[in-house]
Amino acid sequence: AGMWPEGVAAQGNLDPLLLKTDIDAALARAERILSAWRGKPFIFNLGHGVSQHTPVAHVERLSAFLRAYHG
């Protein structure tokens, strides 16, 4: 635990392979990431960007989830 420095943002990531292969698990992991950083400056991203052949529908669902998330 410990204190997070004032004014410092963290950048966390979601495994792009998870997004590619299992959208339900990816959304559950995204929720856990966002929940863990609730109330702190945080930038959500994918670990290495969107992998080739990731279904567009998976990216759309993750994007919609992130936009709608209110924790």
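Everything here concerns the structure above.
*Asks:* Explain the side chain of His58 residue by residue, including any values.
*Replies:* Position of His58 relative to the elements: it lies in helix H3 (residues 56-68). Residue class for His58 comes out buried when judged on its relative accessible area of 15%. Of note is the side chain of His58, whose polar atom sits 2.7 Å from the backbone oxygen of Leu19. Leaving out residues up to four positions away in the same chain, His58 has contacts with Leu19, Lys20, Thr21, Asp22 and Ile23.

*Asks:* An account of unusual backbone geometry is requested, with residue identities and associated values reported.
*Replies:* Non-glycine residue His53 carries a positive phi angle of around 75°. With respect to the secondary-structure elements, His53 resides in the loop between strand S2 (42-46) and H3.

*Asks:* Explain the packing of aromatic side chains to me, using residue names and the numbers behind them.
*Replies:* Under the criterion given, the structure shown has two aromatic pairs. Here the aromatic rings of Trp37 and Phe42 are separated by 5.6 Å at their centres, their planes lie at 15°, and the arrangement is stacked. Relative to Tyr69, the ring of Phe65 lies with its centre 5.7 Å away and its plane at 50°, an arrangement referred to as tilted.

*Asks:* Help me get a handle on the pairing of S2, residues and values and all.
*Replies:* Looking along a regular strand, one sees side chains alternate from face to face of the sheet. Only one face of S2 is covered, namely the one carrying Phe42, Phe44 and Leu46; the face carrying Ile43 and Asn45 has none of its residues buried. For strand S1 (residues 10-14) and S2, the ladder comprises five bridges, and the chain directions are parallel. Paired with Gly12 across the strands is Phe44, a residue of S2.

*Asks:* Account for the pattern of salt bridges, naming residues and giving values.
*Replies:* Across all of its chains, the model carries one salt bridge by this definition. Between Arg61 and Asp24 there is a salt bridge, and its shortest N-O distance comes to 3.4 Å. Residue Arg61 is located in helix H3, and its partner Asp24 is located in helix H2 (residues 23-36); the two are separated by 37 residues in the primary sequence.

*Asks:* Let's hear about the nonpolar core: which residues, and what values?
*Replies:* Grouped together as the largest cluster of nonpolar side chains are 14 residues, with contacts concentrated most on Leu14, Leu19, Ala26, Phe42, Phe44 and Leu62. When residues of this core are traced back to their parent elements, those giving at least two are S1, helix H1 (16-21), H2 and S2. If near-sequence neighbours (up to four positions away) are discounted, Leu62 is found in contact with Leu14, Leu19, Ile23, Leu27, Ala30, Phe44 and Leu46.

*Asks:* Can you explain the environment of Phe44? Please cite residues and give values.
*Replies:* Take Phe44: it is sitting in strand S2. In this structure the C-alpha to C-alpha distance between Phe44 and Leu14, which are 30 residues apart in sequence, comes to 7.9 Å. Ignoring sequence-local partners within four residues, the contact set of Phe44 consists of Gly12, Leu14, Ala30, Ile33, Leu34, Leu62 and Leu66.

What counts, and where the lines are drawn
Residue positions are counted from 1 within each chain, in the order its sequence is given. Note on the predicted model: pLDDT of at least 70 is required for a residue's local features to be given, and 80 or more for side-chain atom pairs to be given and counted; whole-chain, interface and lining totals, by contrast, use all residues. Based on all heavy atoms of the structure, the side-chain values leave hydrogens and waters out of the count. What counts as a helix is a DSSP run of H or I of at least four residues, what counts as a strand is a run of E of at least two, and both are numbered from the N terminus. Only protein chains enter the area calculation, which uses a 1.4 Å probe; residues under 20% of their type maximum are buried, those over 50% are exposed, and those in between are partly exposed. In protein, a polar contact requires one atom able to donate a hydrogen and another able to accept it; more generally it is a pair of N or O atoms within 3.5 Å, and residues adjacent in sequence count only if both atoms are side-chain atoms. Two residues form a contact once any of their heavy atoms are found within 4.5 Å. The aromatic pairing rule takes the rings of Phe, Tyr and Trp, using the six-membered ring of Trp, and pairs them if the centres are within 6.5 Å, calling planes under 30 degrees apart stacked, those over 60 edge-to-face and the rest tilted. Two strands pair if DSSP finds at least two bridges between them. Take a side-chain nitrogen of Lys or Arg and a carboxyl oxygen of Asp or Glu: if they are within 4 Å of each other, that pair is a salt bridge. Here, the term nonpolar core denotes a set of buried Ala, Val, Leu, Ile, Met, Phe, Trp, Tyr and Cys residues that are joined through side-chain atoms within 4.5 Å.

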